[in-house]
Amino acid sequence: PCLGSGLFFCLYLYISPYISLSRCSTSIKEKNVANVSRCIDFTELRSNLKERLRENIERKLLINQIEQPLAPLRILIVNKLIDGMVDVIIRPSSLKTIFATGELRMQQEKNTVREQLGSPHLYTKSQRPHSTYTYHSFNKFTLDLQSDQFSQPIRFRWKRESLATWRLYDIEFPNKLFTGT
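Everything quoted here is computed from the prediction, not taken from an experiment. (Residues numbered from 1 in each chain as written. Predicted model: local features only at pLDDT ≥ 70, side-chain atom pairs only at ≥ 80, totals over all residues. Heavy atoms only, no water.)

Student: I'm lost on the sheet that holds strand β3 (residues 130–137) in this one. Help?
Tutor: The strands that make up a sheet pair up through hydrogen bonds in the backbone, lying either parallel or antiparallel. In space, the 4 strands of this open sheet follow the order β3-β4-β5-β6, with antiparallel pairing throughout. Looking at which strands have only one partner, the edges of the open sheet turn out to be β3 and β6 (166–172). When strand polarity is set aside, the average angle formed by the axes of neighbouring strands in this sheet is 25°. As paired elements, strand β4 (residues 140–146) and strand β5 (residues 154–160) share 6 bridges and run antiparallel to each other. Each residue of the ladder has a partner; that of phenylalanine 141, found in β5, is tryptophan 158. In this fold helix α1 (residues 2–29) packs onto β3, β4, β5 and β6, with an angle of close to 135° to the strand it touches most, β3. (Pairing = 2+ DSSP bridges. Helix = DSSP H or I, 4+ residues; strand = E, 2+ residues; numbered from the N terminus. Axes fitted to C-alpha atoms, helices over the stretch in contact; angles between N-to-C directions. Contact = heavy atoms within 4.5 Å.)

Right, dumping it as C-alpha cells:
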C-alpha cells in the first residue's frame, strides 16, 4: 500500500504541469478571467516580455546606430511604448489567441475576424500547431507551439507554484518576429 501510494504521488507530480495546462487552457477558452489569473503570473510575464522586447529592439537600433544617429533617443521612446503595449496586450483575451492557434495575429477571412477560436472545426488537425512539452527542472516546464508561421516555436515557460500547481511566467517568441528575417 505504501509503495502504491508513493508511486501514485510521484506520477501525480510528474503529470501536474499537464493538469495545470489543461485547466488554464479550459479557463482561457471559457474566458474565465479569475481562473486564468490563477494560472498565469501576469506581473512576472509582463516584466519578462518587456525585458525581452527591449533587448531585441535596442539590439536592432544599436546595430543601425551608425546610419541613424538618433538611435539612443529612439530607444528611450520605444521603451515607453513597450511598457504601454505589453500592459495592454498581456491579458487573458490576447493569450487565448496564442494558445488556441499558435499565431500572433488575428487573420482576416471573408471580411470576418476568426473569433471562433474555441471551435473545434475552425482548423483541421494538420493546421493546428504542433506542441512539445519539456521539463527543465523539478520546478520549470515549457510548452513549445510550433506554427507554420515561424521556423522557431513559441515557448511558454511555466514554474511550479506549489507541489501540484504551475503558473505561466514567460513567453519566448521566435527571433523572426523581432528581426523581420
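Next, the rest of the story.
Student: For this particular structure, what's the right way to read the nonpolar core?
Tutor: Note on soluble globular proteins: their nonpolar side chains tend to be buried together. Ile40, Leu45, Leu49, Phe156, Trp158, Leu168 and Ile171 are the most contacted members of the largest nonpolar core, which totals 23 residues. Of the residues forming this core, the biggest block, 4 residues, is contributed by helix α3 (residues 42–63). (Core = buried A, V, L, I, M, F, W, Y, C linked by side-chain atoms within 4.5 Å. Buried < 20%, exposed > 50% of the residue type's maximum accessible area, 1.4 Å probe, protein only.)

Student: Can you walk me through the state of the cysteines in this structure?
Tutor: A covalent bond between the sulfur atoms of two cysteines is referred to as a disulfide. Across all of its chains, the model carries 1 disulfide by this definition. For cysteine 24, the disulfide goes to cysteine 39, at an S-S distance of 2.3 Å. An S-S torsion of about 55° defines the bridge between cysteine 24 and cysteine 39 as right-handed. Residue cysteine 24 is located in helix α1, and its partner cysteine 39 is located in helix α2 (residues 33–39); the two are separated by 15 residues in the primary sequence. With respect to class, cysteine 24 is no different from cysteine 39; both count as buried. (Disulfide = S-S within 2.5 Å.)

Student: Help me out: how do you make sense of the pattern of salt bridges in this one?
Tutor: Between side chains of opposite charge, a pair can form as their charged atoms come close. In total, this model carries 9 salt bridges according to the counting rule given. Lysine 159 serves as the salt-bridge partner of glutamate 161, at 4.0 Å between the closest nitrogen and oxygen. The buried category is assigned to lysine 159, whose relative accessible area is 17%. Shared partners join several salt bridges into a network, and the residues in it are Asp41, Glu44, Lys159 and Glu161. (Salt bridge = Lys/Arg side-chain N within 4 Å of Asp/Glu carboxyl O.)

Student: How do you make sense of the packing of aromatic side chains when you look at a structure like this?
Tutor: For any pair of aromatic rings, the description rests on two quantities: the centre-to-centre distance and the angle between the ring planes. In total, this model carries 8 aromatic pairs according to the counting rule given. By the ring-pair criterion, three or more aromatic residues cluster together here, those being Tyr14, Tyr18, Tyr133, Tyr135, Phe141 and Trp166. (Phe/Tyr/Trp six-rings, centres within 6.5 Å; stacked < 30°, edge-to-face > 60°.)

Student: What is the right way to read the environment of arginine 54 from this model?
Tutor: Structurally, arginine 54 is set in helix α3. Classification of arginine 54 as partly exposed rests on a relative accessible area of 24%. Distance in space between the C-alpha atoms of arginine 54 and leucine 76 is 9.9 Å, their sequence separation being 22 residues. Residues contacting arginine 54, with those up to four places away along its chain left out, are Asn79, Ile82 and Asp83.

Student: What's the story with the pairing of β5 in this structure? I'm lost.
Tutor: Within a regular beta strand, the side chains point alternately toward one face of the sheet and then the other, so they alternate between its two faces. Burial within β5 is extensive, with 5 of its 7 residues counted as buried. Of the pairings in the sheet, the one linking β5 to β6 comprises 6 bridges and is antiparallel in character. By the bridge assignment for β6, phenylalanine 156 is matched with isoleucine 171. The turn linking β5 back onto β6 is made up of 5 residues.

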